[in-house]
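Listed here are the chains, written in short residue letters.
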Amino acid sequence: MSALLESYAGGRWFRAADEGQPLLDAATGEEVARISGRGLDLGAMVSYAREVGGPAIRALTFHERAALLKQLAAHLSADKDPLYALSYRTGATLRDSQVDIDGGFGTVFSYASKGRRELPNDTVYIDGDTERLGRGGRFLGQHVFTSRPGVAVQINAFNFPVWGMLEKLAPAFLAGLPSIVKPASQTAYLTEAVVRRIIDSGILPEGSLQLLAGSAGDLLDHLGVHDSVAFTGSAHTAGVLRQHPSVLHGGLSLGVEADSLNCSVLGPDVAVDDPEFDLFVKGVVTEMTVKAGQKCTAIRRAIVPASMADAVTEAITARLAKTTVGNPANPDVRMGALASLAQREEVRKAIEALRSSADIVFGDPSSVSLVDADAERGAFLSPVLLRARPGATEVHDVEPFGPVSTLITYDSVEEAIALAARGRGSLVGSVVTNDPDVARSLTLGLAPWHGRILVLNRDDAPEAAAAGGHGSPLPVLVHGGPGRAGGGEELGGIRGVLHHMQRTALQGSPDMLTAITNRWTTGSERVVGDVHPFRKSLAELRIGDTIESDYREVTLADIEHFAEFTGDTFYAHTDPEAAAANPLFGGIVAHGYLVVSLAAGLFVEPNPGPVLANFGVDNLRFLTPVKAGDAIKVALTVKQITPRSSADYGEVRWDATVVNRAGEPVATYDVLTLVAKTQG
Ligand code: NDP
């Protein structure tokens, strides 16, 4: 008998007392492992996550969490071969396994990088600018995100045992939430192998990650406000979960990513010898065969102009005829097995349902010729292409979760959009066209029905293919779709982190907001000391430290000199008559960049010191024109301090406010500098 999978619960590996259910190799039917969660105390797992994991993660800043994710991704990437070996047993080819395994590790790397670059080195995330709520500027509003003291539970599908876990784990961890992972039983042995590596590495704080190998049991009974369940799987199970009392009455948040009848639309502009024709055909065939079509993002509906249907059918058929099916570990094989014999039966049933209004034009659901494999023992299925008859309805309702796609024809762009919409909400749609007007019409028509749209033409095709094409969710783009696709949203860079956090609108005085957010807020105290802030290291600088300059007059000679020197001789700076006629200026004004340059001259401390470089300016606005003879002064205040963990310097964001003699704001902006951590 094969080994019983263990759960990782409450800081130790747990083995059920019974023999468990066998999990069979998708290609050979041999037993790979057994699974049982009998006897596991799921309530205790939830408490452990809340009491041990959560506090340990939230003691870290976003940057510290990001650094651990980076370390973890590097650790996991070091030795992938044993994971590929296990992955073959799920029916996946090497190419499929790379999507799952490398794709999963890549997602963790991506979140590590986003977390470092786009989140502060803090535990509170500032959302947008302050809002003035009173006339005097003493009462402001500021949105912030904070970590919830809860648990992120993930209930995953069988098709991506590694990516499915990691694409949810990484954003939840960054958000400060511990995760409990419940993989689909069918392929849980691969998830368990990766969890074991993560736990053995000791990289994540204890309690950050627990594994439930076995059924979900009464897990949801223990969850409530601040907890979330991210579910990927069938619409049926999603419906069961939506009815759970913890969701209905307990404040438990449920994100669903269920089945989706994704489409690819061939534009009416595309002719058979256009590159877009091939791109369309390749896209459909790739999505039918990668993971044997067991992808939530696969193209189930290929929507083509009626006049192109025969040509498209022929081209897809020719490619499918070359697809070798069989032992996924054999390098000559293009398409492996479905996850299980039961899953193959499901797909066959779905094909039967489709056949009531569509005809099979390629493939035979009951027989397939195989390379190096046994059709009785393994869950192999031929790719099957169908062509919908006019008025077909099943194609918009039935999801064959396998290597199956159906051609549907349209006569106008409006009809193509209406057909796509009949899927009632999908994860992803492709628009294949080289006509910008068609691209706009189709995309705007399809967008409300889709979480993601790939607009494919000869220009972006090579890079789009390298990025995984239609079927690959990317960590930086949102994944999820409306309606039938579940209505959930994951990934999308930092958006995926913020989904797990609580947004709160704060109202208060500038000083209070500065203290709470660790970012200097306009109107807060400016601290002017004896030491120029440019002479202070990162360790010595404090939020609010300020240099206030004296006034400097801006003369006509300054303006003329700047115009001549830079070549910026725009009439408002050089031609008195034309400038006088300008409705905004009414005469010669200083260049905005002259004002900013003079301000730099006013606040600079010229000698070598801890300030290493100026790396940019954010939010620059010129608010009041400066005329010859006006004077300006600047206040430069430390707004935000962000040490870099991987360097001996950090970033300092300064608020720069330039005013004229009347005290009117002339220019406001943030100056971005790199400052040494210590005096050196
Ligand atoms: P399921 O919905 O049955 O299973 C998905 C996950 O939910 C698994 O982890 C499963 O655990 C768990 N689960 C099942 N019942 C419950 C429950 N009552 N409470 C809590 N968790 C539960 O989907 P399948 O994996 O069986 O796939 C069936 C169909 O779903 C496919 O044919 C396809 O149409 C669709 N699907 C869609 C996917 C997508 O990405 N959108 C991915 C995979 C499937 P366990 O495995 O232990 O039963």
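This write-up is about the structure you can find in this document.

Reading the values: rules and limits
Throughout, a residue's number is its position along its own chain's written sequence, starting from 1. With the structure being a predicted model, the display of local features is reserved for residues of pLDDT at least 70 and the display and counting of side-chain atom pairs for 80 or more, all residues being used for whole-chain, interface and lining totals. Excluded from the side-chain calculations are hydrogens and water; all other atoms, namely the structure's heavy atoms, are used. Helix and strand assignments follow DSSP, with helices taken as H or I runs no shorter than four residues and strands as E runs no shorter than two, numbered in order from the N terminus. By this rule the span expected of a helix is its residue count minus one, scaled by 1.5 Å. The buried label goes to any residue with under 20% of its type's maximum accessible area, the exposed label to any with over 50%, and the partly exposed label to all in between, with areas taken from a 1.4 Å probe on protein chains only. Starting at the helix axis, one direction is taken to each C-beta atom, and the arc is that of these directions. We call a set of buried Ala, Val, Leu, Ile, Met, Phe, Trp, Tyr and Cys residues a nonpolar core when their side-chain atoms join them within 4.5 Å. Any pair of residues with heavy atoms lying within 4.5 Å of one another is described as a contacting pair. Here is the rule: rings of Phe, Tyr and Trp (six-membered ring for Trp) pair when centre to centre is within 6.5 Å. Planes less than 30 degrees apart are stacked, more than 60 are edge-to-face, and the remainder are tilted. The term salt bridge refers to a side-chain nitrogen of Lys or Arg lying within 4 Å of a carboxyl oxygen of Asp or Glu. Here, strands pair whenever DSSP counts at least two bridges between them. Orientation is described by lines fitted to C-alpha atoms, with helices fitted over the stretch in contact, and by angles between N-to-C directions that extend from 0 to 180 degrees. Convention used here: a crossover is right-handed provided that the path from the first strand, over the helix, to the second strand proceeds clockwise when the strands point away from the viewer. With respect to orientation, any angle under 35 degrees is reported as roughly parallel, any angle over 145 as roughly antiparallel, any angle of 65 to 115 as roughly perpendicular, and every other angle as oblique. Side-chain classes follow a simple rule in which Ala, Val, Leu, Ile, Met, Phe, Trp, Tyr, Cys and Pro form the nonpolar group, Asp, Glu, Lys and Arg form the charged group, and the remainder, Gly included, forms the polar group. Throughout, the term near means that a residue has one or more heavy atoms lying within 4 Å of the molecule or strand in question. For the purposes of these results, a polar contact is taken to be a pair of N or O atoms within 3.5 Å, where, inside protein, one atom must be able to donate a hydrogen and its partner to accept one; residues adjacent in sequence count only when each atom of the pair is a side-chain atom. Computed with a 1.4 Å probe, the accessible areas rest on the Shrake-Rupley method; for each residue, only the protein chains presented here act as cover.

**Overview of helix 10 (residues 309-321)**
Phase 1 of the analysis: With 13 residues, helix 10 extends 18 Å between its outermost C-alpha atoms, agreeing within 8% with the 18 Å of an ideal straight helix rising 1.5 Å per residue.
Phase 2 of the analysis: For helix 10, the complete set of buried residues consists of A309, V312, T313, I316 and L320. Take helix 10 and look down its axis: the buried residues cluster within an arc of 100°, on one side only. Opposite the buried face of helix 10, at more than 90 degrees from it, the exposed residues are D310, E314 and A321.

**Regarding helix 6 (residues 188-201)**
Phase 1 of the analysis: Between its first and last C-alpha atoms helix 6 spans 20 Å; for 14 residues at 1.5 Å apiece the expected length is 20 Å, and the two agree.
Phase 2 of the analysis: Most of helix 6 is tucked away, with eleven of its 14 residues classed as buried.
Phase 3 of the analysis: Of all the positions in helix 6, only A188, Y189, L190, T191, E192, A193, V194, V195, R197, I198 and I199 are classed as buried.
Phase 4 of the analysis: Just beyond helix 6, the residue with positive phi is G202, at close to 65°.

**Comments concerning the nonpolar core**
Phase 1 of the analysis: Of all hydrophobic cores here, the largest spans 54 residues; its most connected members are L5, L69, L166 and I198.
Phase 2 of the analysis: Elements supplying a minimum of two residues to this core: strand 4 (31-35), helix 2 (62-77), helix 3 (81-88), helix 4 (94-118), helix 5 (163-174), helix 6, strand 9 (209-211) and helix 15 (494-498).
Phase 3 of the analysis: A total of eight residues in this core trace back to one element, the largest contributor, which is helix 6.
Phase 4 of the analysis: When near neighbours in sequence (up to four residues on either side) are disregarded, L69 contacts V108, Y111, A112, A170, F173 and L174.
Phase 5 of the analysis: Within the second largest apolar cluster, 36 residues are counted, among which are A350, A416, A420 and L446.

**A look at the packing of aromatic side chains**
Phase 1 of the analysis: Scanning the model with the defined rule gives eight aromatic pairs in all.
Phase 2 of the analysis: Summarising the aromatic geometry, the rings of F158 and F401 are spaced 5.8 Å apart at their centres and angled 90° between planes, so their arrangement reads as edge-to-face. In this pair, F158 is assigned in the loop between strand 7 (152-155) and helix 5 and F401 in the loop between strand 17 (384-388) and strand 18 (404-410), connecting sequence segments 243 residues apart. Like F158, the residue F401 is buried in the burial classification.
Phase 3 of the analysis: Ring centres of F570 and Y571 lie 4.8 Å apart, and the angle between their planes is 50°; this geometry places the pair in the tilted category.
Phase 4 of the analysis: Classification of F570 by relative accessible area gives partly exposed; the value is 45%.

**Side note on the pattern of salt bridges**
If charged atoms from side chains of opposite charge come close, those side chains can pair.
Phase 1 of the analysis: This structure, assessed with the given rule, holds 31 salt bridges.
Phase 2 of the analysis: In this structure, R196 engages E192 in a salt bridge whose closest nitrogen and oxygen atoms are separated by 3.1 Å. Here R196 and its partner E192 are both found in helix 6, four residues apart, which amounts to about one turn of the helix.
Phase 3 of the analysis: On the accessibility criterion, E192 (9% relative accessible area) is buried.
Phase 4 of the analysis: The partner of E345 in a salt bridge is R348, with the nearest N and O atoms 3.0 Å apart. On the criterion of helical spacing, the pair formed by E345 and R348 is a turn pair, its members being three residues apart in helix 11 (residues 341-354).

**Some words on the sheet that holds strand 12 (residues 263-266)**
Phase 1 of the analysis: In spatial order, the strands read 15-17-18-13-12-19-20; together these seven strands make up an open sheet with mixed pairing. A single partner strand is all that each edge strand has here, and the edge strands are strand 15 (358-362) and strand 20 (450-456). The sheet shows a mean angle of 25° between the axes of neighbouring strands, direction not considered.
Phase 2 of the analysis: Where strand 17 lies against strand 18, four bridges are found, and the strand directions are parallel. Looking across to strand 18, one finds that R387 is bridged to L407.
Phase 3 of the analysis: Helix 11 rests against strand 15, strand 17 and strand 18 of the sheet, and its axis sits at about 20° to strand 18.

**A look at the pairing of strand 7**
Phase 1 of the analysis: Burial along strand 7 is two-sided: the face carrying A152 and Q154 and the face carrying V153 and I155 are both buried.
Phase 2 of the analysis: Two strands pair when backbone bridges link them, and strand 7 and strand 8 (residues 179-182) are joined in this way by four bridges, in the parallel orientation. Pairing of V153 across the sheet is with I180, part of strand 8.
Phase 3 of the analysis: Crossover connection from strand 7 via helix 5 to parallel strand 8: handedness right-handed.
Phase 4 of the analysis: Note that strand 7 and strand 10 (residues 228-232) share four bridges and pair parallel. Among the inter-strand pairings, Q154 is bridged to a residue of strand 10, identified as A230.

**A few points about the sheet that holds strand 5 (residues 125-132)**
Phase 1 of the analysis: Here three strands make up an open sheet; going across it, the order is 5-6-23 and the pairing antiparallel. Where the open sheet ends on each side, the last strands, each with one partner, are strand 5 and strand 23 (501-508). Here the average twist between neighbouring strands, direction ignored, is 20°.
Phase 2 of the analysis: Where strand 5 lies against strand 6 (residues 140-147), five bridges are found, and the strand directions are antiparallel.

**Let's talk about the packing of helix 5 against helix 6**
Helix-helix packing is described using two parameters, namely the angle between the two axes and the distance between the axes.
Phase 1 of the analysis: Interaxial distance between helix 5 and helix 6 falls to 10 Å at its minimum, and their mutual angle equals 40°. Classified by the angle between their axes, helix 5 and helix 6 sit oblique to one another. Residues M165, L166 and L169 of helix 5 lie in contact with helix 6, whose contacting residues are T191, V194, V195 and I198.
Phase 2 of the analysis: Looking at the contact of helix 5 with helix 6, its residues break down into six nonpolar, one polar and no charged.

**Considering unusual backbone geometry**
For residues that are not glycine, phi is negative in most cases, and the peptide bond is trans in most cases.
Phase 1 of the analysis: In this structure, R424 is a non-glycine residue whose phi angle is positive, near 55°.
Phase 2 of the analysis: One can find R424 in the loop between helix 12 (413-421) and strand 19 (426-432).
Phase 3 of the analysis: A positive phi angle is found at N619, which is not glycine, with a value near 60°.
Phase 4 of the analysis: Inspection of the secondary structure assignment puts N619 in strand 27 (residues 611-622).

**Observations concerning the site of the ligand**
Phase 1 of the analysis: Near the ligand you find 23 residues, and of these N156, S185, S234, T237 and C296 are the closest.
Phase 2 of the analysis: Between K182 and the ligand, the recorded distance is 2.8 Å, taken from a side-chain N or O atom to an oxygen atom.
Phase 3 of the analysis: Side-chain polar atom of Q343 to an oxygen atom of the ligand: 2.7 Å apart, as the coordinates give it.
Phase 4 of the analysis: Look at the ligand: alone it shows 880 Å² of surface, and the protein chains cover 76% of it.
Phase 5 of the analysis: Those elements giving two or more residues to the shell around the ligand turn out to be strand 10 and helix 7 (235-242).
Phase 6 of the analysis: Among the residues making up the shell around the ligand, the classes are represented as eleven nonpolar, eight polar and four charged.

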